[in-house]
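The lines below spell out each chain.
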Amino acid sequence: MATETYLNAGRRAVIEEMQRDDAVWALGEDLGRGGVFGQYKGLQEMFGVDRIADTPISEACIMGAAVGAAMTGTRPIVEMRFSDFALCAVDELVNQAAKARFMFGGQMRVPMVVREPIGMWRSSAAQHSQSLEAWYTHIPGLVVVAPATPADNLGLLKSAIRNDDPVVYLEHKNLWALEGEVPEAEHLVPLGKADIARAGDAVTIVTWSGMRHGCLRAAQTLAGQGIESEVIDLRTLWPWDRDTVFASVRRTGRLLVVQEAVSVSGFGAEIAASVAEALHHDLKAPVRRLGAPRIPIAYAPALEDRARVGDQAIIDAVLGLVAPCPAD
Amino acid sequence: MNDAHNLDRERFGAVLTLMHRIRAFEEAAIAAQKGGLVLGAIHPSIGQEAVAAGVCGNLQAADLMLSTHRGHGHTLAKGADPLAMMRELFGRAGGTCGGKGGSMHIADFGVGMLGANGVVGANIPIATGAAHGLKLQGSRQIVACIFGDGAINRGPFLEGLNWARVFDLPVLFVCEDNGFSATTRTRDMTGGAGAAARAQSIGIPAEEVDGNDVLAVDAAARAAIAAIRAGKGPVLLHCRTYRITGHTAVDPATYRPAEEVEAQRANCPIHRLRAVLALSGMDRAALQQIHDRAVQEMNAIAVQASETDWPDPAAAFSDVQDMGDPRERAY
Ligand SMILES: Cc1ncc(C[n+]2csc(CCOP(=O)(O)OP(=O)(O)O)c2C)c(N)n1
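Note that this is a predicted model, so its numbers are computed, not measured. (Residues numbered from 1 in each chain as written. Chains lettered and ligands numbered in written order. Predicted model: local features only at pLDDT ≥ 70, side-chain atom pairs only at ≥ 80, totals over all residues. Heavy atoms only, no water.)

(A) How the structure looks around the packing of helix α7 (residues 211–224) of chain A against helix α11 (residues 311–322) of chain A. All names here are of chain A. Where α7 meets α11, the axes come as close as 9 Å, and the angle between the chain directions of the two elements is 55°. Viewed along their axes, α7 and α11 adopt a mutual orientation that is oblique. Here the hand of the crossing between α7 and α11 comes out right-handed. From α7, M211, G214, C215, R217, A218, T221 and L222 reach across to α11, where they touch D311, I314, I315, V318 and L319. Residues belonging to the contact of α7 with α11 are distributed by class as follows: 8 nonpolar, 2 polar and 2 charged. (Axes fitted to C-alpha atoms, helices over the stretch in contact; angles between N-to-C directions. Helix = DSSP H or I, 4+ residues; strand = E, 2+ residues; numbered from the N terminus. Parallel < 35°, antiparallel > 145°, perpendicular 65-115°, else oblique. Left-handed = near helix turned anticlockwise from the far one by under 90°. Contact = heavy atoms within 4.5 Å. Nonpolar A, V, L, I, M, F, W, Y, C, P; charged D, E, K, R; others polar.)

(B) Geometry of the side chain of B:H74. Take B:H74: it is sitting in helix α3 (residues 72–77). Aside from chain neighbours lying at most four places away, what touches B:H74 is B:A52, B:C56, B:M65, B:S67, B:T68, B:I146 and B:E176.

(C) Representation of the UniProt feature "domain: Dehydrogenase E1 component" (unreviewed entry) in chain B in the model. Listed under "domain: Dehydrogenase E1 component" (unreviewed entry) in the UniProt record, and renumbered for this structure, are residues 19–308 of chain B. Secondary structure content for residues 19–308 of chain B is 45% helix and 11% strand, while the C-alpha to C-alpha distance between its ends is 26 Å. (UniProt positions renumbered as here; feature names shortened; annotations may be inferred.)

(D) The arrangement of the sheet that holds strand β1 (residues 64–66) of chain B in detail. Residues and elements named next belong to chain B. Taken in spatial order, the 5 strands line up as β1-β2-β3-β7-β6 in an open sheet, and their pairing is parallel. Across the chains shown, the open sheet's two edge strands, defined by having one partner strand only, are β1 and β6 (206–210). Between one strand and the next, the sheet's axes are offset by a mean angle of 20°, whatever the strand orientation. Bridge count between strand β2 (residues 143–148) and strand β3 (residues 171–177): 6 bridges; the pairing is parallel. When the bridges of β3 are listed, G148 appears paired with E176. (Pairing = 2+ DSSP bridges.)

(E) Representation of the interface of chain A and chain B within the structure. Across the boundary between the two partners, chain A contributes 49 residues, which contact 43 residues of chain B. Both sides together, the interface formed by chain A and chain B hides about 3700 Å², and carbon and sulfur atoms give 62% of it. Applying the counting rule to chain A against chain B returns 3 salt bridges. B:D322 serves as the salt-bridge partner of A:R101, at 3.0 Å between the closest nitrogen and oxygen. On inspection of chain A and its partner chain B, the count reaches 16 residue pairs in polar contact (both at pLDDT 80 or more). If you list the elements that add at least two residues to the side of chain A that touches chain B, you get β2 (24–28), α3 (59–71), α4 (90–103) and α9 (267–278) of chain A. Considering every element that reaches the side of chain A that touches chain B, the biggest residue donor is α3(A), with 10 residues. When grouped by side-chain class, the residues that make up the side of chain A that touches chain B number 21 nonpolar, 16 polar and 12 charged. (Buried area = accessible area lost by both parts, 1.4 Å probe. Salt bridge = Lys/Arg side-chain N within 4 Å of Asp/Glu carboxyl O. Polar contact = N/O pair within 3.5 Å; in protein donor to acceptor, adjacent residues only side chain to side chain.)

(F) Focus on the sheet that holds strand β4 (residues 75–79) of chain A. Residues and elements named next belong to chain A. If you trace the 7 strands from one edge of the open sheet to the other, you get β3-β2-β4-β5-β7-β6-β12, paired in mixed fashion. In the strand order of this sheet, the two ends are held by β3 (52–54) and β12 (236–238), each with one partner. Each strand axis lies, on average, 20° off the axis of its neighbour in the sheet, ignoring direction. Pairing analysis gives 2 bridges linking strand β6 (residues 143–145) to β12, with the strands arranged antiparallel. Within the sheet, the bridge partner assigned to V145 lies in β12 and is T236. Strands β2, β4, β5 (113–115), β6, β7 (167–169) and β12 of the sheet are contacted by helix α6 (residues 150–162), whose axis makes an angle of about 155° with β7.

In structure tokens, the structure reads:
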């Protein structure tokens, strides 16, 4: 094990996969200078301008060109800079990349990874802070991944690059500097498998991406009050690990879903509805969701914080779930 | 005027055959739609056959081509099997896409036809990327990208052409200008001088040709493809033609005067090539036979396609993606 940042773990994943497979290449704006966050630092020197390609500010063409390049035998890694800018390339991702395999009757596949950094850090306002994972989980044909730790960013990105279908890969901007233990040997994390970040039997908290860390902090505080929460980090949102979530909720009888994204029509609704439909008789309390209010994300910290699910909100929600129901 | 006496009669006899086959395919498809056999919308290319034949006739088998919603002609010209195409229009098993795509999503990767597209202009970045992929792999093949005049008013046109220039990619862009963006005249919706001028402003050599003169299209495409294959980067051809039918097979196209359509019928690319071939000495019976054979072929194909089974309903769940259960939480 070595200590590595979330950012460098992703960088290492790209290096290892590009060394392993000549068909892998990356394209996006400013990659030669390392990418906006430094995820590609030094890679153009290592792999050359053809395989770490600087592109025009043409998001639609970056995505569309990747589709064509994937159809002709290469495995592009698309860098969208901010997930917000990927909205300039929705047709290319949703109508083209996601549909081609099916629509053309399985004649070929579109192996590409679309890196779209998501989430709030500080004062980036409404067009540089969003978490839009639910847009993609809704689309047949896409795999959706949202790593929360350095080790997972290494192992999941490597698996995503090896996947033969388009993968939307959502790194959280606020986690770039996060340090964690990362295996030094080859490390692959299977897509579609959740991580039980903390075991417990009082309540199941399902989360992903940046909110994993808030949930773990809340669980730590709750443990001090004798309430043991099980925190499940989904890691992959499509396909999501139904078995792990269901097994946990069967044991705890209580579910809280926590997401950074706007709660309304968020991916958390999918988890909540699936559990409510399938595990009604195991539930000791109604399922709960926490997410952002339906407001654009603001710039001033005092306003921006209104869009955040804070640790206290998670603690309060868990306390509400474990409190004896007055009707009992 | 092309010199009829120096004409390569064998080659252009084959071109005429292809153009008749395209027209016969479209006419058989329109008739089949009236009979309820074609399930979705079709966009016929009647009157535009010279573009498909002149461009695709100069591509090698291993070259790639991307088309539009009006793509039957391009697809046939690239070498796809018309029976599989007709089955696709009829939504049958054995269609080019197993009945999953229909007319607007016909693709045949086996002959380098990387797909029609239901989204105007969407094939431009994909074609550009296909060429990028080929170049990265050291291939000598080229990509032809055919789109309508309406597509030049979408952003991906600018993004794709700029990209192809910046990376010096082997792409032949073909603007197949039939005058209409669906039911609106494109010239009323387009600033400046159009496709060629826009390409030139990006540094891409561009040429305008009479898209109803297959000899002119053929010569221009041949020269452009030779330059592209020599590594000179992208070229754009702007082919002016005319859409004889409505936008779709059921569009009566009452938004244009009948005299205009009649004048354009007289300018039909098939008639024009027949006249040149007749002048070069090909006899009338041979010319007539080319027409008759094409009609027989496509009519027989329509019958055969109509006798094909429907796809297995289970195929609705296949080839979505490797991971996850497509039936999850559904009915
Ligand atoms: C992005 C997009 N906008 C609108 C449409 C609807 N539409 C289908 S064909 C068409 C006209 C396209 O005109 P042109 O590109 O000149 O091609 P043509 O139909 O003349 O062959 C339109 C507007 C579409 N398919 N895609």
